[in-house]
Amino acid sequence: MNYKEWNIVKLGDICEVRGRIGWRGYTTKDLTDSGPIVIGAKDITQDNKLDLSNVKHLTLEKYEESPEIHIKKNDILLVKVGNTIGKVAIVTKNIGDATINPNTVILRTKKINPYYLYYYLNDRYAQHYLKSNSSASAQPAINQATIKKMQVMIPPIEEQNNIVDILKSLDEKIEINNQIIKKLEEMAQVIFMQWFIDFEFPNENGEPYKSSGGEMIESELGKIPKKWDILKLGYLGEFKNGINYSRNEDGDKEYSIINVRDLVEGDFIIKNQLDKIRINSNKAESYKLLKGDLLIVRSANPGEMGIVLEDLENTIYSGFIIRFRLTEDSLLYYTYFALKSKKNKFAQYSDGTTLKNINQKMLKKINVIIPEKKVLEKFNQIVQPIFNKITLTNKENEYLKELRDLLLPKLMSGEIRVPIESE
């Protein structure tokens, strides 16, 4: 194989590595409700994208103390401390006044396509280097000097650009699919709100029930349509806490496992993104998930939801999650949205001060409005195709991610060469 055009360089030679200097750190007193944002490991998703929905804010005065770590478009953010060392994201657009926390560094490229370096850092060689060169302690860390020493294989800029075009096109298609999934769920949720919160489901004449004078009756949850009922969640199905396990377990069978972050980052499970663990089958089998299971986070992010839309072979769920398995399949989509609509109330159901928790006992006592059967059937007829489309789009994303992850090491090593068009 011809690597004559490729160079092996140190990362520090092709980018600046910028981090917070100790004396320029910040304390909780420097955090505020608005202003410049601070990005760290928790703001980088499992799929290496930035999620700015729950960022912290820094006072303008503290932000301006460290102009060298103000984030710019095309900067690469790399986690250097903690259990997620090596997690990486690229800033794809101008995000305004933003900086990093002490556990993260900025890589600002020189004479190299920034996306090429971003993809290179996602490759297994780079990830192995970053993790294996971190300190072995309760809080592992890798210093900036060690990061700068990492070797990087660099093809000519034209080949870099072609490699990036291939990988980026796959990521862009995945992102388009994610937006489609989001819009589809929003569409189904709007229908749910109109029918079951505003009670404007179509009556026998196709008119909105409540505003057309549909009869309402008093209940403990306020006025509800006649012939509807109120039941506690405990009557609708079975709850089961997830499995407790240690990271160093080595059982007789491999399982995919759903953790809290998988539900925080999305409501729909993509199996090839899940962690894998080996646990003895006699311990794990009763925690296997089935199509139609609902998952509820019980600690730290109480009320975050997930729904299992397809058969997930040998997939279990962690102890920080509660599984809800309905007795009636017809209630699946309705109950899913009903619980999501109560998410903001889960904090009041939860106990604990420093760490909010919900448990089965609390969930079983929650009252839920149960629609008349014929209304529920009409709702299912409308939303079932929407969820089918979500499932198909998720499957396409699974394939695209597998293809990207297959191509990534081959492109970065030069095993697969991308032809450069001659002028």
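Residues numbered from 1 in each chain as written. Predicted model: local features only at pLDDT ≥ 70, side-chain atom pairs only at ≥ 80, totals over all residues. Heavy atoms only, no water.

> Before we move on, can you summarise the overall build of the protein with the specific residues and values?
Counting secondary structure elements, the protein contains 12 helices and 20 strands. Taken along the three principal axes of its C-alpha coordinates, the protein extends 75 × 50 × 50 Å. Counting all 423 residues of the protein, 48% fall into the buried class. The contacts of the protein with a sequence gap of at least 6 include a subset with a gap of at least 24, amounting to 76%. Total accessible area on the protein stands at roughly 21,600 Å², and carbon and sulfur atoms take up 49% of it. Across the protein, the centroid of the 61 positively charged side chains sits 4 Å from that of the 58 negatively charged ones. (Helix = DSSP H or I, 4+ residues; strand = E, 2+ residues; numbered from the N terminus. Buried < 20%, exposed > 50% of the residue type's maximum accessible area, 1.4 Å probe, protein only. Contact = heavy atoms within 4.5 Å. Areas by Shrake-Rupley, 256 points an atom, 1.4 Å probe, with all protein chains shown as cover. Lys, Arg positive; Asp, Glu negative; His and termini not counted. Charge placed at Lys NZ, Arg CZ, Asp CG, Glu CD.)

> I'd like to hear about the nonpolar core, residue by residue, with values.
One finds Leu 294, Phe 324, Tyr 334, Phe 379 and Phe 387 to be the most contacted residues of the largest nonpolar core, which totals 47 residues. Mapped by element, the contributors of at least two residues to this core are helix H6 (157-197), strand S16 (294-297), strand S17 (305-307), strand S19 (321-326), helix H9 (332-341), helix H11 (360-364), strand S20 (367-370) and helix H12 (373-413). If we skip the residues at most four places from it in the chain, Leu 294 touches Met 305, Gly 306, Ile 307, Ile 322, Arg 323, Phe 324, Leu 326, Leu 332, Thr 335, Tyr 336 and Leu 339. Of all hydrophobic cores here, the second largest spans 39 residues; its members include Leu 78, Val 88, Met 150 and Leu 170. (Core = buried A, V, L, I, M, F, W, Y, C linked by side-chain atoms within 4.5 Å.)

> Report on the sheet that holds S19, specifying residues and quantitative values.
Taken together, the four strands give an open sheet; going across it, the order is S13-S19-S16-S17, and neighbouring strands pair in antiparallel fashion. Two strands bound the open sheet, and with one partner strand each, they are strand S13 (237-241) and S17. Between one strand and the next, the sheet's axes are offset by a mean angle of 20°, whatever the strand orientation. In terms of strand pairing, S13 meets S19 through five bridges, oriented antiparallel. (Pairing = 2+ DSSP bridges. Axes fitted to C-alpha atoms, helices over the stretch in contact; angles between N-to-C directions.)

> Give a detailed account of the environment of Leu 78, specifying residues and quantitative values.
Locating Leu 78 in the fold gives a position in strand S5 (residues 76-79). What makes Leu 78 buried here is its relative accessible area of 1%. The spatial distance from the C-alpha of Leu 78 to the C-alpha of Tyr 317 is 29 Å, given a sequence separation of 239 residues.

> Give a description of the environment of Val 152 that names residues and reports values.
Residue placement: Val 152 occurs in strand S9 (residues 151-154). Spatially, the C-alpha atoms of Val 152 and Leu 11 are 6.1 Å apart, while their sequence positions differ by 141 residues. If near-sequence neighbours (up to four positions away) are discounted, Val 152 is found in contact with Asn 7, Ile 8, Val 9, Leu 11, Ile 14, Leu 117 and Tyr 120.

> A description of the packing of H9 against H12 should follow, citing residues and the corresponding values.
Relative to each other, H9 and H12 sit at 85°, their axes nearing to 9 Å. When the axis of H9 is compared with that of H12, the two are roughly perpendicular. The residues of H12 that touch H9, namely those facing Tyr 333, Tyr 334, Tyr 336 and Phe 337, are Leu 376, Phe 379, Asn 380, Val 383, Gln 384 and Phe 387. Looking at the contact of H9 with H12 residue by residue, the classes come out as eight nonpolar, two polar and no charged. (Parallel < 35°, antiparallel > 145°, perpendicular 65-115°, else oblique. Nonpolar A, V, L, I, M, F, W, Y, C, P; charged D, E, K, R; others polar.)

> Can you break down the packing of aromatic side chains residue by residue, with the values?
Across all of its chains, the model carries 22 aromatic pairs by this definition. Judged by centre distance (4.2 Å) and plane angle (5°), the ring pair of Phe 239 and Phe 324 falls under stacked. Highlighted residues: Phe 239 in strand S13 and Phe 324 in strand S19, separated in sequence by 85 residues. Classification of Phe 324 as buried rests on a relative accessible area of 0%. The interplanar angle of 65° and the centroid separation of 6.1 Å between the aromatic rings of Tyr 287 and Tyr 317 together place this pair among those described as edge-to-face. Taken as a pair, Tyr 287 in the loop between helix H8 (281-284) and S16 and Tyr 317 in strand S18 (residues 315-317) lie far apart in primary sequence, 30 residues in all. (Phe/Tyr/Trp six-rings, centres within 6.5 Å; stacked < 30°, edge-to-face > 60°.)

> Now, about H12: what can you tell me, with residues and values included?
With 41 residues, H12 extends 59 Å from end C-alpha to end C-alpha; this agrees with the ideal 60 Å at 1.5 Å per step. Of all the bends found along H12, the most pronounced is centred on Val 383 and spans about 30°, while Pro 385, a proline, follows it within four residues. In the stretch just after H12, Gly 414 is the one whose phi turns positive, near 85°. (Expected span 1.5 Å × (residues − 1). Bend = angle between axes of the 7 residues up to and from the residue.)

> Pulling in residues and values, what's your account of the sheet that holds strand S8 (residues 104-109)?
Spatial ordering of the open sheet is given by S2-S8-S5-S6, a layout of four strands whose pairing is antiparallel. In this open sheet, the two strands that pair with only one neighbour each are strand S2 (15-19) and strand S6 (88-90). Each strand of the sheet is rotated relative to its neighbour by a mean of 25°, with strand direction disregarded. Two strands pair when backbone bridges link them, and S5 and S6 are joined in this way by three bridges, in the antiparallel orientation.

> Can you tell me about the pattern of salt bridges, naming the residues and giving the values?
Scanning the entire structure with this criterion turns up 24 salt bridges. In this structure, the salt-bridge partner of Arg 404 is Asp 47, at a minimum N-O distance of 3.5 Å. Linking Arg 404 in helix H12 with Asp 47 in the loop between strand S3 (31-39) and strand S4 (56-58), this pair joins segments that are 357 residues apart in sequence. In terms of burial, Arg 404 and Asp 47 fall into one category: buried. Of the charged contacts in the structure, one is a salt bridge between Arg 417 and Glu 159, with a shortest N-O distance of 2.8 Å. Separated by 258 residues along the polypeptide, Arg 417 in the segment after H12 and Glu 159 in helix H6 bring together distant segments of the chain. (Salt bridge = Lys/Arg side-chain N within 4 Å of Asp/Glu carboxyl O.)

> Outline the pairing of S8, supporting the account with residue identities and numerical values.
The buried count for S8 comes to five of six residues, which makes it a mostly enclosed element. Sheet analysis places S2 next to S8, joined by five bridges and oriented antiparallel. Across the sheet, the residue bridging to Cys 15 is Thr 109, located in S8.

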